[in-house]
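A structural walkthrough
The primary structure of each chain is shown beneath.
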Amino acid sequence: MIEMRRRTALRAGAALCLALFLPACGTKPVPQATTTPLDPNWWKGAVLYEVYPRSFADSDGDGIGDLNGITAHLDYLQELGVDGIWITPFFPSPQVDFGYDVTDYDAIDPQYGTMGDLDRLVAEAGKRNIKIIADLVLNHTSDQHPWFLESRSSRTNSKADWYVWVDGTKDTPPNNWLSIFGHSAWQWDEMRKQYYYHAFYKQQPDLNWRNHDVRVAMYDMIRGWMKRGVAGFRLDAVPHLLEDPERTNEKLVTGVNSYGDRMTERVHTDNLPEVHDVYRELRQVADSVPGTVLIGETYFPNVEELAKAYGAKNDELQLPMDTQYGMGSKLSVELFRSKLREAETGLNGNMPLLVFDNHDNRRSWNRFGDGKHDDAIARLIATLLLTPRDTALMYYGQELGMANNDPKSLLDVKDPIGKIGWPKEVGRDGERTPMQWNLQPNAGFSTGGTTWLPVASNYTSVNVSSETGNPASLLSYYRNLIHLRKQNAALRNGDLRIIDDNNPNVLSFVRSAGGTTVLVSMNFSDAPKTLSFDAAKIGVTGRSLTPLAQSLETGSATQSLDKLVLPPYGSFVGEVH
């Protein structure tokens, strides 16, 4: 029965295909992009940098970051070596979920600036060969969006079916589906006398992606941003776009979540097979401007599901996030070796997108640090991110060693997740605190008297100004690795081969291209390790090593394949001669 419904849906989708990809009538005029044409493959091997605009730089002193603040710091990002900036949502929003509840997809929230400010940011970034990537919230809107206000007004209006509405009895939800942010995913609406589905907050009703008009509106919106020069899109929560139309109850599993709910599976609301039809449609829209990249927020449980998101014909998402690699908290050589091997062998040759930090997870400094070797571990993480064959995604302040600055009490919490789940769930404020630029008040983030979240107290030592020019700083280590990716043939274009793969403490691999071979070795233990490699197995004749980057002094006067000493959590990147 399910398969029959799926075939019916596929046939219907095919019938709508031409209509979906023709521009809708009556769309708003937008300027043509003034940037130079994109290199279609610019994103392969790129370094992408996530900016949470509220927290990056405040240009007007109101305590909230903005678009002009980003523009003012483009030189810093260019020096760091960034190829693209992913900016979390800057659209008008009531800010219930700080921008992920959108009321207008075609405008800029005044607290972040104007459309002219966005155009200037795109143009100035383009002068520095940096691309701008917008964050699109396709799964849901704000409950204040005009579409939802019209949809809820009656059961017969033109947008009545733009959201997921279900009959039911007040105080008795249609089924046991849970919101990702806690409690029932169904909200009763007195106006329509129906429930609407919300995978996230109740103020974020899910759009009905089985409705043709919804898809037309979204695809036309995307075209508008491409015409403004936006070079790609990070697609928020895309595996959640479709739900089981039969509303089948989820199977209960053992345990409760942070909000006190009995845990359930999510097989009827997450990653349904039909979502790949949407991925292919999105890709066709993006491909109308070659080089436009689609980045998926994809928390998949295994490499098999991740591989599917690229498409059987590589016609879906170019860069679904490999969150299995760096979003955990266990610093295990066996784990990272297996995940790196999966990225090399399980994605059909596609470029993996590796990531350790973002606005929804505790910073890697906190998740992986042990309180004693935190700086060395931070450099090990930088090496794990920036030396494999991948597109690397960073989060603002990661390169400085910014740590979580969590709320100290419920009264301090801004994130609704923390308000709902406190104290088991403290929310995401801690990883969203202001960027630490210098020693000035508010760490140079803002000239205002207060900031929307408090600046971390360690800003006097962890900041851009103090770390710039210091060759021993974490920032210098990140800059070095990023520039090596661009300058060294093996690290730029080389293949990757894991070596010494039975070592219980050290992860090693070689990158090779154009006659150049680079060895990367990382010690995952708190004790020094001495390594020796067989040159024949690596496929080289020379045995000397020229250091390109090393997190700490190796302790050996001469370094070679015969003897390489790594200190606790030490990393070494060197060219073999």
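This write-up is about the structure you can find in this document. Sequence order as written defines residue numbering, which begins from 1 separately in each chain. Note on the predicted model: pLDDT of at least 70 is required for a residue's local features to be given, and 80 or more for side-chain atom pairs to be given and counted; whole-chain, interface and lining totals, by contrast, use all residues. Note that water and hydrogens are dropped before the side-chain values are worked out from all heavy atoms of the structure.

1. Description of the packing of helix α7 (residues 212-227) against helix α8 (residues 275-286)
Running from N to C, α7 and α8 cross one another at 30 degrees; their axes reach a closest spacing of 10 Å. Here α7 and α8 pass one another in a crossing that is right-handed. Two secondary-structure elements touch here, α7 through R215, Y219, I222, R223 and M226 and α8 through V278, E281, L282, V285 and A286. Only Asp, Glu, Lys and Arg are considered charged in this grouping, and only Ala, Val, Leu, Ile, Met, Phe, Trp, Tyr, Cys and Pro are considered nonpolar; every other residue, Gly among them, is considered polar. Looking at the contact of α7 with α8 residue by residue, the classes come out as seven nonpolar, no polar and three charged. Orientation is described by lines fitted to C-alpha atoms, with helices fitted over the stretch in contact, and by angles between N-to-C directions that extend from 0 to 180 degrees. Strands here mean DSSP runs of E at least two residues long; helices mean DSSP runs of H or I at least four residues long; both are numbered from the N terminus. Crossing handedness follows the turn of the near helix against the far one: under a right angle anticlockwise gives a left-handed crossing, and clockwise gives a right-handed one. Contact definition: two residues touch when any of their heavy atoms are within 4.5 Å.

2. Quick notes on the sheet that holds strand β6 (residues 194-197)
For two strands to be treated as a pair, DSSP must find at least two bridges joining them. The strand order across the open sheet formed by three strands is β4-β6-β5, and the pairing between neighbours is antiparallel. Every other strand in the sheet has two partners, leaving β4 (165-166) and β5 (186-189) as the edge strands with one partner each. Note that β5 and β6 share four bridges and pair antiparallel. The residue of β6 that forms the bridge with W188 is Y195.

3. Thoughts on unusual backbone geometry
Note the cis peptide between W422 and P423, where omega equals 5 degrees. Mapped onto the fold, P423 is located in the loop between α14 (416-421) and α15 (464-467). A positive phi angle, near 75 degrees, is found at D171, a position not held by glycine. Relative to the helices and strands, D171 is located in the loop between β4 and β5. Under the relative-accessibility criterion, D171 is labelled exposed at 69%. Of note in this structure, D500 is not a glycine but carries a positive phi near 50 degrees. Along the chain, the position of D500 falls in the loop between β14 (495-499) and β15 (506-513). Working definition: with a 1.4 Å probe on protein chains only, accessible area under 20% of the residue-type maximum means buried, over 50% means exposed, and in between means partly exposed. By relative accessible area, which is 31% here, D500 ends up partly exposed.

4. Details of the pairing of strand β20 (residues 571-576)
Most of β20 is tucked away, with six of its six residues classed as buried. Pairing analysis gives five bridges linking strand β16 (residues 516-523) to β20, with the strands arranged antiparallel. By the bridge assignment, V518 is partnered in β20 with E575. Inspection of the sheet shows strand β18 (residues 545-550) paired to β20 by five bridges, in the antiparallel sense. Opposite A549, over in β20, you have V573 as the bridge partner.

5. Description of the packing of aromatic side chains
For any two aromatic rings, the description comes down to two numbers: the centre-to-centre distance and the angle of the planes. What counts as a ring pair is set by centres within 6.5 Å for rings of Phe, Tyr and Trp (its six-membered ring), and what kind of pair is set by the plane angle: stacked under 30 degrees, edge-to-face over 60, tilted for all other angles. Going through the model one piece at a time under the given rule, you end up with 30 aromatic pairs. Ring centres of F148 and W165 lie 5.6 Å apart, and the angle between their planes is 10 degrees; this geometry places the pair in the stacked category. Of this pair, F148 sits in helix α6 (residues 146-153) while W165 sits in strand β4, and the two are 17 residues apart along the sequence. One exposure class covers both F148 and W165, and it is buried. Ring geometry for W177 and W186: centres 5.7 Å apart, planes at 25 degrees, overall stacked. Here the aromatic residues Y49, F56, Y76, Y395, Y396 and W437 are joined through ring pairs into a cluster of three or more. A ring is considered to have a charge above it if a Lys NZ or an Arg CZ atom is located within 6 Å of its centre and within 35 degrees of its normal. One cation-aromatic arrangement involves R54 over W452; the distance from NZ or CZ to the ring centre is 4.4 Å.

6. Thoughts on the packing of helix α13 (residues 374-386) against helix α16 (residues 474-487)
Running from N to C, α13 and α16 cross one another at 15 degrees; their axes reach a closest spacing of 10 Å. The orientation of α13 with respect to α16, classified from their angle, is roughly parallel. When you trace α13 past α16, the crossing you get is right-handed. Here D375, A378, R379, A382, T383, L385 and L386 of α13 come into contact with α16, specifically with L474, Y477, Y478, L481, I482 and R485. A class-by-class count of the residues in the contact of α13 with α16 yields nine nonpolar, one polar and three charged. Roughly parallel covers angles under 35 degrees, roughly antiparallel covers those over 145, roughly perpendicular covers 65 to 115, and oblique covers all other angles.

7. Regarding the side chain of H198
Its place among the elements puts H198 in the loop between β6 and α7. At a separation of 3.3 Å, a polar atom in the side chain of H198 contacts the main-chain carbonyl oxygen of Y201. The term polar contact refers here to a pair of N or O atoms within 3.5 Å; inside protein, the definition further demands a hydrogen-donor-capable atom paired with an acceptor-capable atom, and it admits residues adjacent in sequence only when both atoms are side-chain atoms.

8. Overview of the side chain of Q398
Within the secondary structure, Q398 is located in the loop between β13 (391-395) and α14. At 3.1 Å, the side chain of Q398 forms a polar contact with the side chain of Y478. Those residues within four positions of Q398 in sequence are excluded, and the remaining contacts are F356, D357, R363, L385, L393, L474 and Y478.

9. Topic: the sheet that holds β15
Pairing is antiparallel in the open sheet, where five strands are placed in the order β14-β15-β16-β20-β18. Every interior strand has two partners, whereas the edge strands, β14 and β18, have only one. Strand-to-strand, the axes of this sheet are offset by a mean angle of 25 degrees, without reference to chain direction. Bridge analysis of β14 against β15 gives five bridges, and the strand direction is antiparallel. By the bridge assignment, R497 is partnered in β15 with V510. Most of the contacts of helix α11 (residues 333-345) go to β15, to which it runs at about 25 degrees, and overall it touches β14 and β15. Contacts between α13 and the sheet are confined to β15, β16 and β20, with β16 contributing the most and set at about 145 degrees to the helix.

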